Amino acid sequence: MSVKQLAMPLIQEQINELRAGDRVELTGWMYTARDAAHERMVEMVQAGGTLPVDIAGQTIYYVGPTPAKPGQIIGSAGPTTSSRMDPYTPVLLSLGLKGMIGKGSRSQSVKEGIVQSRAVYFAAIGGAGALLAKTIRSAEVVAFHDLGPEAIYRLEVERFPVIVINDICGGDLYQQSQSL
Amino acid sequence: MREVTYDTIVEAVKRLCIDANVELGSDVVRAMQEAKSQEKSAVADEVLSQLLQNAEIAAAERVPMCQDTGMAVFLVELGQDCHIVGGSLYDAINEGIRRGYGEGYLRASIVQDPIQRKNTGDNTPGIVHVELVSGDTCTIHMTAKGFGSENMSRLQMMKPSDGIDAVEDFVVETVRLAGPNACPPVVVGVGLGGNFEHSAYLAKRALFRPVGERNQRPDAAELELALLAKINQLGLGPQGMGGRTTALDVHVELYATHIAGLPVAVNINCHASRHKHVTL
């Protein structure tokens, strides 16, 4: 099974070519955010403020890593369940978010948002936190330090393995699997 | 009366917390290898390869296999001729969690209060169940229970007339609804009988049993195998990306119940089915 190599930030033309079920390895920069960070970001937008990081064109990874051991860049860093972010995602897509990485299915409104915004939702392997941490080259907290494992990090990754779940054409790998 | 000290329990719990999170049990590894040999889907095969590789890295480097190092859940089988000295069992367990999660660089995932939601910072408190048994030993079973799978668990108070077929449908439906969120291939704990809260406890206790070990009662063992076959026919596969391995095993635990009831609880565990025990 061939694996596509993509750089982050993602390029629109490349996103357009991705289809549910494609295996991809991502290299470059992305942000982390999970429940509490999403809630805060959306509150800031709704209050008319600006976000602490510009997410336009960027990819967000839903992760709350374990603390790094001495000498480690980051602890275990596998994806968390994406559906908890669903209530906040349409707002972020409307601000230009292009990629999301998590695990598990998304709500109908997020799937519609992915098609409308021509974005992509990838799944990383849930629970493979030790393996995925090996692809992380640097990690730096860039916002919401007080949230601990839920703070926003900027991560540099090299050949981070993911699988396309939802594409710009409305393709959904999980639905395809269930109907087998 | 045999004595076990507070400090012995603290040290044992600390070890359990670290070991459970970094070493995937040989029973689970074996089940995953066997599942891999039976998968025909390329994606499923790749996912299982990555999970096995992940377990190897975690064990070799002593890092958690999953970033969700879970809520620490304990089942203590306390011999009635065993006396705990130097402090309370509950305090000793929580101190063990504090040290294990701290020294092991495990994630603190517990909030003090479900409304205020402030992280306690040390993964305490744990959940502790104590069963008084005969003898003078103290066996502590621990699981680091992640909430990707915990959130997908369900309980139903059925009527006796619903029968075992309805129980089977409910279990299979629970796994189907959990889909990719519970990080399949899952291990399914089923508590059948008892009352409302006891069925949930039985379902959790079922997850402490080694993968591949059947219930000793033939009819319950048969139910486990029937459920496993039905679940693996769902086609969800590893990570819900398609394939035959949706569950590694199903464990059913039974208890007496009321003439009017048929409680059934389903507690799902992810592929990182972490369970360790020690006898003091």
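Anything mentioned here points back to the structure above.
These numbers were taken from a predicted model, which means no experiment stands behind them.

Here is what the cut-offs are and how they apply
- Residues numbered from 1 in each chain as written.
- Chains lettered and ligands numbered in written order.
- Predicted model: local features only at pLDDT ≥ 70, side-chain atom pairs only at ≥ 80, totals over all residues.
- Heavy atoms only, no water.
- Helix = DSSP H or I, 4+ residues; strand = E, 2+ residues; numbered from the N terminus.
- Buried < 20%, exposed > 50% of the residue type's maximum accessible area, 1.4 Å probe, protein only.
- Contact = heavy atoms within 4.5 Å.
- Areas by Shrake-Rupley, 256 points an atom, 1.4 Å probe, with all protein chains shown as cover.
- Lys, Arg positive; Asp, Glu negative; His and termini not counted.
- Charge placed at Lys NZ, Arg CZ, Asp CG, Glu CD.
- Buried area = accessible area lost by both parts, 1.4 Å probe.
- Salt bridge = Lys/Arg side-chain N within 4 Å of Asp/Glu carboxyl O.
- Polar contact = N/O pair within 3.5 Å; in protein donor to acceptor, adjacent residues only side chain to side chain.
- Nonpolar A, V, L, I, M, F, W, Y, C, P; charged D, E, K, R; others polar.

S.K.: Now, about the overall build of chain A: what can you tell me, with residues and values included?
M.R.: Counting secondary structure elements, chain A contains 6 helices and 7 strands. Seen in sequence order, chain A has helices and strands lined up from the N terminus as β-α-β-α-β-α-β-α-β-α-β-β-α. Dimensions of chain A, computed from the C-alpha atoms along their principal axes, are close to 45 × 40 × 30 Å. Here chain A holds 180 residues, and the buried ones make up 57% of them. If you take every contact in chain A between residues at least 6 apart in sequence, the share linking residues at least 24 apart comes to 63%. Of the roughly 6900 Å² of accessible surface on chain A, a fraction of 50% belongs to carbon and sulfur atoms. In chain A, which carries 16 positive and 17 negative side-chain charges, the distance between the mean positions of the two groups comes to 6 Å.

S.K.: How would you summarise the interface of chain A and chain B if you had to cite specific residues and measurements?
M.R.: Taken residue by residue, the interface counts 40 residues in chain A and 35 residues in chain B. Both sides together, the interface formed by chain A and chain B hides about 3000 Å², and carbon and sulfur atoms give 59% of it. Seen at the junction of chain A and chain B, the total is 2 salt bridges. Remark: the boundary between chain A and chain B carries 17 residue pairs in polar contact (both at pLDDT 80 or more). Secondary-structure elements contributing two or more residues to the side of chain A that touches chain B are α5 (129–133), β7 (152–166) and α6 (173–178) of chain A. By residue number, the principal contributor to the side of chain A that touches chain B is α6(A), which donates 4 residues. Of the residues contributing to the side of chain A that touches chain B, the split by class is 20 nonpolar, 15 polar and 5 charged.

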